[in-house]
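# What the coordinates show
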Amino acid sequence: MKCKLTVFILATLFLISVCVTENIYLDRTFAELSERLERIEAQDEYELDDILETERWWLSKVEKLELTMSIQLLNDVTYTYGELIGAVEKEDYQSASGYLERLKLYAQALCDMYKVKINNVL
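Residues numbered from 1 in each chain as written. Predicted model: local features only at pLDDT ≥ 70, side-chain atom pairs only at ≥ 80, totals over all residues. Heavy atoms only, no water.

Once that is clear, we can look at a negative patch on the surface. A surface patch of like charges, here negative, comprises Asp44, Glu45, Glu47, Asp49, Asp50 and Glu91. Residue position: Asp44 is located in the loop between helix H1 (2-41) and helix H2 (48-65). According to the relative accessible area criterion, Asp44 is exposed, its value standing at 76%. (Patch = residues over 30% accessible without salt bridge, like charges linked within 9 Å, V, L, I, M, F, W, Y side chains within 5 Å. Areas by Shrake-Rupley, 256 points an atom, 1.4 Å probe, with all protein chains shown as cover. Salt bridge = Lys/Arg side-chain N within 4 Å of Asp/Glu carboxyl O. Lys, Arg positive; Asp, Glu negative; His and termini not counted. Charge placed at Lys NZ, Arg CZ, Asp CG, Glu CD. Helix = DSSP H or I, 4+ residues; strand = E, 2+ residues; numbered from the N terminus. Buried < 20%, exposed > 50% of the residue type's maximum accessible area, 1.4 Å probe, protein only.)

Following this line, the structure appears as structure tokens:
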């Protein structure tokens, strides 16, 4: 009886620690994504190198995020990066501003959607 209870408690603690770790990882990842996007948005003319660096950073994070998040939602962010890069290459900064805003909204929405919160649990 004590063995089963011990196993149950250890399994519960393990699951709680995994959830807390995931929550912290999501917070940090999407906070950094938002910060990077705001730095790009502050530029008068968007630097393609900064956008490409941020895209490379994002693609490195996607592999880990795929373990817990919808691949389709992550792909939407990646596709929007492609549109942003195309707009900046064409020097269409008005469209690029729209894509940047969409990426910022994605970052906020995805973070809120997948965090362990009472709204998401119920």
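Text resumes after the structure shown.
Before going further, it helps to spend a moment on H1. Note that an α-helix has 3.6 residues per turn; residues three or four places apart therefore point the same way. Over its 40 residues, H1 runs 58 Å from end to end, which matches the ideal 58 Å to within 8%, given 1.5 Å per residue. Of the positions making up H1, those classed as buried are Asn23, Leu26, Thr29, Phe30, Leu33, Ser34, Arg36, Leu37 and Ile40. (Expected span 1.5 Å × (residues − 1).)

Think of a pair of aromatic rings as described by two things: how far the centres are apart, and how the planes are tilted against each other in angle. Considering all chains together, one arrives at 2 aromatic pairs under this definition. Consider the rings of Phe30 and Trp58, whose centres lie 6.1 Å apart with planes at 55°: the pair is tilted. Of this pair, Phe30 sits in helix H1 while Trp58 sits in helix H2, placing them 28 residues apart in sequence. Each member of the pair, Phe30 together with Trp58, is buried. Aromatic pair Tyr46 and Tyr93: ring centres 5.9 Å apart, planes at 75°, arrangement edge-to-face. (Phe/Tyr/Trp six-rings, centres within 6.5 Å; stacked < 30°, edge-to-face > 60°.)

Within the secondary structure layout, Glu41 lies in helix H1. Sequence-wise, Glu41 and Trp57 are 16 residues apart; in three dimensions their C-alpha atoms are separated by 17 Å. Side-chain polar atoms of Glu41 contact the side chain of Lys104, separated by 2.7 Å. (Polar contact = N/O pair within 3.5 Å; in protein donor to acceptor, adjacent residues only side chain to side chain.)

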